[in-house]
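Structural features, examined
In case you want the letters, here they are:
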Amino acid sequence: MDAQSSPTSPGWIKPGDVMRVRKLKAKRKALQARMSALTPLQILAPAKGLSETTEGRGIKRRNPFKCSPNKKQRAEEDGDLELTSDASLFRLLSPSAPKQKESHRAYSFSNILKLQQQEEISFKTEEEAPSVTWMEQLVVDWSLKSRVRFKSSKPLPWKHNFKTSEEASGTTGFVRCLNSTSDNSEDRTLDTSANAQFYQCCLIWQYPSLPWLQLFPRDNLKAATQTGLFGTDKKLADALHVEWSESLRSLHQLLRVRQCPYFYVCGPTFTCLFRAAGVAGISQAHALITPTTRGFREAMRNEDIEFEMPFHNNGTKSSQEPGAEQGGKLQEPQQEDEEEEEEEEEEKEEEATSWLENLGVETSQFPNLNPNRVKLEREKFKNVDKTAASLVYVEGMETQGLINFLLNSRSCVATTGPLAGVPPTLLSPVAFQGGTLKTLKAKGSVIRQEGEIHHSMEVSGPILPHTVHQLCSLLSSAADSYTLTLFPVPSTLPFSQHSPHDATAAPQAFAQEGLVDCGFDTSMRSLICTPRKTEQEETDLPLTYREVTYKDKKFTWTDKLQ
């Protein structure tokens, strides 16, 4: 029996019919996708133009989805109709007609999509473009810097090779706290050149001064198996610590009488910033310590030092450390369910402890039964150690207790490594007992970048906040534009993020008058006494900056840290 005359089974479909159905579904899906992307005006505008040309000819409208039995005739009528062509959409929407004119291609699907994408991109770029904020003065960045680099298209007025008169005049002006630009006198013979002033800005007071050891910064020190000289000889270490103790007491006394605006204590695992009353808008002397650990804070509590953790609990200003006592008072109430679980655990532990005591067993042999274990584990769960949230704030008379704690604490002196037995590094802008006058290293160079020549000057060493402002002020008076790149010590960045809760307590005018003898001029005292604004008001001010651009007597910054 012939295969063509054999009847087909009702449950089977020929492969040709399956392919035809799939092609029809693909055309419908493509049509729906294109129709959804067009607006009604875009669809009707070309369709209306095509209908006007066809109505005059009286061509009958046909269904574009209807499959003609004669494949040859359908190929002749729609031979140029493809799914990927621009005019296919409007051929399906309009009656059959001769080939569209070139003017109708202005309404093609691809052109419409390109125009929409260009409009969206231009709108987003205009809306999301960050606005550049310019200000006449930079706010004080309290983080320590290890390097700063100035770059300008014009030659800088500074040189890294100093003359004898420049070094002598710069040293005299720094030690005597003389401002050669504003305190000019006919009786003085100091060199007032730009290089002499630059040398004066590159001086700092430091203790201890051990040239063979890296005393700043201490964050990048690698762990060493060998112990330094002071770690092996206890007499040397004790003698150095006694001299260091006198230097720290001298700095604190200068701070209390406002003859020292601030100073830093750079320990092996932490950095402490002491600031005088009136600085940063705070009415009392205060100190900031970062980063800290649970053991360090527990040792401070044992010495009855009251402190706050402003950045803990998502930046709450007056929050205290969870699960720990501050000055004998428990802070930070937890949620009800957590409190119930803690109470149940404490009751179970008390029952176990009392049962063992009745048996005559010492509970000290079971550390898991320690009543403070739950609190310590809860604090450890918060994972705030050695982070920005571990910053500690001490204010008022508690700073005296903090000084005594630093003098007697073992955590302030490393026991292993190259700095074993070496006390923390003291950095100050004014002279103090035992302080050594140190010079920052300056290096000038010429850089060729993108075919242009730039003049650069890099200053490295322990750079204090006021040094950055003095260098910027000195260069701004001689150059029209320049770029400043800063390299802060990462562990000291939280100092600039702290904003006092009583910033309005100390009027800025009284704070500046109280710091007349601190060694800074009027403009510098005004900057350091400016209070840090609250989070809602400081959207236009940088917390800390990595790159500063000076142009048209104004500053702007990039790489803003939040």
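Refer to the preceding data block for the structure.
Computed from a prediction, not measured in an experiment: that's the story for all the values here.

**A word on the overall build of the chain**
Along the chain, the regular secondary structure elements total 18 helices and 15 strands. With 562 residues in all, the chain has 40% of them scored as buried. Within the chain, counting contacts between residues at least 6 apart in sequence, those at least 24 apart form 72% of the total. As presented, the chain carries roughly 32900 Å² of accessible surface, and 50% of it is formed by carbon and sulfur atoms.

**Examining the sheet that holds strand 11 (residues 441-449)**
Pairing within the open sheet is antiparallel, and its 6 strands lie in the order 11-12-1-13-14-15. Bordering the open sheet on either side are strand 11 and strand 15 (554-558), each of which pairs with just one other strand. Averaged over all pairs of adjacent strands, the angle between their axes in this sheet comes to 20°, without regard to strand direction. Relative to strand 12 (residues 452-463), strand 11 is paired through 9 bridges, and the arrangement is antiparallel.

**Side note on the nonpolar core**
Counting residues in hydrophobic clusters, the biggest one holds 102 residues, and the most contacted among them are F150, Y264, F274, M300 and L402. The element contributing the most residues to this core is helix 9 (residues 234-256), with 7 residues. Setting aside chain neighbours within four positions, we find Y264 in contact with W142, L144, T271, C272, L273, T425, L426, L427, L464, P465 and F495.

**Notes on helix 14 (residues 398-408)**
Each α-helix winds once per 3.6 residues, and so residues spaced three or four apart point in a common direction. Of all the positions in helix 14, only T399, L402, I403, F405, L406 and L407 are classed as buried. Of the surrounding secondary structure, the elements contacted by the buried residues of helix 14 are helix 9, strand 4 (271-275), strand 5 (286-290), helix 10 (294-302) and strand 8 (392-395).

**Structural notes on the packing of helix 9 against helix 14**
Contact geometry of helix 9 with helix 14 gives a least axis separation of 10 Å together with a crossing angle of 170°. With respect to helix 14, the element helix 9 is oriented roughly antiparallel. Together, H241, W244, S245, L248, R249, H252 and R256 of helix 9 and T399, Q400, I403, L406 and L407 of helix 14 make up the contact between the two elements. Of the residues belonging to the contact of helix 9 with helix 14, the class tally is 5 nonpolar, 5 polar and 2 charged.

**Some remarks on unusual backbone geometry**
Here the amide bond leading from Y207 into P208 is cis, since omega sits at -5°, within 30 degrees of zero. With respect to the helices, strands and loops of the structure, P208 is situated in the loop between strand 2 (203-207) and helix 8 (229-232). Residue P291 follows T290 across a cis peptide bond; omega there is -15°. The residue P291 is located in the loop between strand 5 and helix 10 in this model. One non-glycine residue, K553, adopts positive backbone phi at about 60°. In this structure, K553 sits in the loop between strand 14 (547-551) and strand 15. For K553, a relative accessible area of 68% puts it in the exposed group.

**Describing the packing of aromatic side chains**
Think of a pair of aromatic rings as described by two things: how far the centres are apart, and how the planes are tilted against each other in angle. A full pass over the atoms with the stated rule returns 14 aromatic pairs. With a centroid separation of 5.4 Å and an interplanar angle of 90°, the aromatic rings of F150 and W158 are classed as edge-to-face. Overall, the relative accessible area of 4% leaves W158 in the buried class. An aromatic cluster of at least three residues, connected via ring pairs, comprises F150, W158, F162, F198, Y199, Y482, Y550 and F555. In this structure, R147 packs its charged tip against the face of F487, placed 3.9 Å from the ring centre. For the cation-ring pair, R275 lies above W142, with the distance from its terminal atom to the ring centre recorded as 4.8 Å.

**A few points about the environment of T467**
Secondary-structure assignment places T467 in helix 15 (residues 465-476). Sequence-wise, T467 and I204 are 263 residues apart; in three dimensions their C-alpha atoms are separated by 9.2 Å. T467 has contacts with C201 and L440, leaving out every residue within four places of it along the chain.

**A few points about the pairing of strand 9 (residues 425-428)**
Residues of strand 9 alternate between two faces, with T425 and L427 on one and L426 and S428 on the opposite face, all of them buried. Bridge count between strand 2 and strand 9: 3 bridges; the pairing is antiparallel. Within strand 9, the residue paired with Q206 across the bridge is L427. Strand direction decides the pairing type here: strand 3 (residues 262-266) and strand 9, joined by 3 bridges, are antiparallel. Bridging from a neighbouring strand, Y264 pairs with L427 of strand 9.

**Observations regarding the environment of Y482**
Position of Y482 among the secondary structure elements: in strand 13 (residues 481-488). On the basis of relative accessible area, Y482 is assigned to the buried category, the value being 3%. Once the C-alpha coordinates of Y482 and T549 are considered, the two residues, 67 residues apart in sequence, prove to be 6.1 Å apart. Engagement of the side chain of Y482 in a polar contact is seen with the backbone oxygen of C472, the distance being 3.3 Å.

What counts and how
Residues numbered from 1 in each chain as written. Predicted model: local features only at pLDDT ≥ 70, side-chain atom pairs only at ≥ 80, totals over all residues. Heavy atoms only, no water. Helix = DSSP H or I, 4+ residues; strand = E, 2+ residues; numbered from the N terminus. Buried < 20%, exposed > 50% of the residue type's maximum accessible area, 1.4 Å probe, protein only. Contact = heavy atoms within 4.5 Å. Areas by Shrake-Rupley, 256 points an atom, 1.4 Å probe, with all protein chains shown as cover. Pairing = 2+ DSSP bridges. Axes fitted to C-alpha atoms, helices over the stretch in contact; angles between N-to-C directions. Core = buried A, V, L, I, M, F, W, Y, C linked by side-chain atoms within 4.5 Å. Parallel < 35°, antiparallel > 145°, perpendicular 65-115°, else oblique. Nonpolar A, V, L, I, M, F, W, Y, C, P; charged D, E, K, R; others polar. Phe/Tyr/Trp six-rings, centres within 6.5 Å; stacked < 30°, edge-to-face > 60°. Lys NZ or Arg CZ within 6 Å of the ring centre and 35° of its normal. Polar contact = N/O pair within 3.5 Å; in protein donor to acceptor, adjacent residues only side chain to side chain.

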